[in-house]
Amino acid sequence: MSMVFSSDLIEAIRNARSCLVLTGAGVSAESGLQTFRGMEGLWDDFDPMKLATPEAFACEPKKVWEWYQWRREKLPLVQPNPGHRAIAQMEKYFQNFLLVTQNIDGLHQRAGSTKMVELHGNLNRNKCSRCGIMIETLPVSDEVPPRCQCGGRIRPDVVWFGEMLPEAVLRQAWRAAESADLFFSVGTSSVVQPAASLGLVARNNGAFLIEVNLEKTELSGLFDQVFLGKGGQIMPLILEEIIKAKAGS
Ligand code: OAD
């Protein structure tokens, strides 16, 4: 695959001290995890309002729990792909770097990312839906989902529609967007807020914006450069370019 890097992009990479990478479900598609929207998206087969809201959990806790268990069971069977790995390497080349992911699959960490925050929680963690305490080990129980000592039902520690994002994480992501010189949006449809606004924040603060996606998104017009294709193919090429630009600067 050959890609054209504009001289503006190379210059922006060379000069950038602060880089933010925002990722979505598209980066994990090549690992074999379904995205939510687009071709064969999860939300084609499932209604998010019936599975990914606190109301859905209150009405049908077993159904919601089992849907997340089904997604969880896939995680040990999949591996990070070259997109995750390239993004993990990127953190070495900028004074300030933050990966902000909407993904809850833990694949970025498994690929080696350390400077990162999870906006929507993590599928491998659980908490009590009543008292909020984190549950490290699920109690043995016939009940599905099992209950916390306080009697509340245990739920995955993920952010559902209608819920607030973890405040400290959101603040960190916002600050990084405000101070970024370089902003990458990779494999996200850019329709879910507030994540989708991070690019706007970066743009308003003068960052150079790059989008990597299979197809154009609603926000593509905002970006200085759009690469259409697979993250697992494009991100390693971008990493190469970063290594070259940083070696020369
Ligand atoms: P989406 O499923 O909305 O978007 C995935 C994007 O990845 C689409 O724009 C695809 O075109 C693109 N894509 C697919 N395969 C790709 C590949 N191999 N390389 C590059 N791009 C690819 O996923 P998100 O934007 O992450 O939230 O969705 C945001 C949030 O909506 C999720 O965190 C989840 C969902 O509902 C909650 O559940 C709260």
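Our next topic: the sheet that holds strand 4 (residues 121–128). Taken in spatial order, the 3 strands line up as 5-4-6 in an open sheet, and their pairing is antiparallel. Looking along the sheet, the strands with just one partner apiece sit at the ends: strand 5 (134–135) and strand 6 (154–158). Direction of pairing for strand 4 relative to strand 5: antiparallel, over a ladder of 2 bridges. If you follow N126 over to strand 5, its bridge partner there is I135.

This part takes up the site of the ligand. Near the ligand lie 23 residues; those nearest to it are F36, R37, T188, S189 and N213. Contact distances for the ligand include 3.3 Å between an oxygen atom and a backbone N or O atom of Q102. A distance of 2.5 Å separates an oxygen atom of the ligand from a polar atom in the side chain of S189. In isolation the ligand has 800 Å² of accessible area, and contact with the protein removes 94% of it. For the shell around the ligand, a count of residues per class yields 8 nonpolar, 11 polar and 4 charged. Residue contributions to the shell around the ligand reach at least three from each of two domains, namely domain 1 (1–33 + 80–120 + 165–249) and domain 2 (34–77 + 126–158).

Another point: unusual backbone geometry. Residue P145 follows V144 across a cis peptide bond; omega there is -10°. Inspection of the secondary structure assignment puts P145 in the loop between strand 5 and strand 6. With an omega of 0°, the peptide bond between Q193 and P194 qualifies as cis. By the secondary structure assignment, P194 is in the loop between strand 7 (182–186) and helix 10 (198–204). We note that S190 has phi near 55°; this positive angle belongs to a residue other than glycine. Tracing the backbone through its elements, the reader meets S190 in the loop between strand 7 and helix 10. According to the relative accessible area criterion, S190 is buried, its value standing at 9%.

Where interface size is given, it is often the accessible area lost as the parts come together that is meant. The assigned domain composition of the chain is domain 1 (1–33 + 80–120 + 165–249) and domain 2 (34–77 + 126–158). Inter-centroid distance (C-alpha atoms) of domain 1 to domain 2 is 28 Å. Taken together, the contact pairs 12 residues of domain 1 with 10 residues of domain 2. Between domain 1 and domain 2, roughly 840 Å² of surface is buried when both sides are summed, and carbon and sulfur atoms account for 66% of that area. The largest per-residue losses of area from domain 1 upon contact with domain 2 belong to A25, L33 and I104, which jointly make up 51% of the total buried on that side. Viewed at the interface, domain 2 and domain 1 are joined by 0 salt bridges.

Moving on to the pattern of salt bridges. Throughout the structure, instances matching the rule amount to 11 salt bridges. One salt bridge in this structure joins R125 and D157, with 2.9 Å as the shortest N-O distance. Note that R125 is positioned in strand 4 and D157 in strand 6, a separation of 32 residues in sequence. For R125, a relative accessible area of 32% translates into the label partly exposed.

Read across the sheet, 6 strands follow the order 3-2-1-7-8-9 without closing on themselves; strand pairing throughout is parallel. The open sheet is flanked by strand 3 (116–118) and strand 9 (225–228), the only strands paired with a single partner. Pairwise comparison of adjacent strand axes, ignoring direction, gives a mean angle of 15° for this sheet. Sheet topology places strand 8 (residues 208–213) next to strand 9; 4 bridges connect them, and they run parallel. Bridge pairing links I210 to Q225 in strand 9. Sheet strands touched by helix 7 (residues 82–90): strand 1 (18–23), strand 2 (96–101) and strand 7. Its angle to strand 1, the strand with the most contacts, is close to 160°. Running over the sheet, helix 11 (residues 231–247) touches strand 7, strand 8 and strand 9 and is turned about 150° from strand 8.

What counts, and at which threshold
- Residues numbered from 1 in each chain as written.
- Predicted model: local features only at pLDDT ≥ 70, side-chain atom pairs only at ≥ 80, totals over all residues.
- Heavy atoms only, no water.
- Pairing = 2+ DSSP bridges.
- Helix = DSSP H or I, 4+ residues; strand = E, 2+ residues; numbered from the N terminus.
- Near = heavy atom within 4 Å.
- Polar contact = N/O pair within 3.5 Å; in protein donor to acceptor, adjacent residues only side chain to side chain.
- Areas by Shrake-Rupley, 256 points an atom, 1.4 Å probe, with all protein chains shown as cover.
- Nonpolar A, V, L, I, M, F, W, Y, C, P; charged D, E, K, R; others polar.
- Domains from an automatic or database assignment.
- Buried < 20%, exposed > 50% of the residue type's maximum accessible area, 1.4 Å probe, protein only.
- Contact = heavy atoms within 4.5 Å.
- Buried area = accessible area lost by both parts, 1.4 Å probe.
- Salt bridge = Lys/Arg side-chain N within 4 Å of Asp/Glu carboxyl O.
- Axes fitted to C-alpha atoms, helices over the stretch in contact; angles between N-to-C directions.

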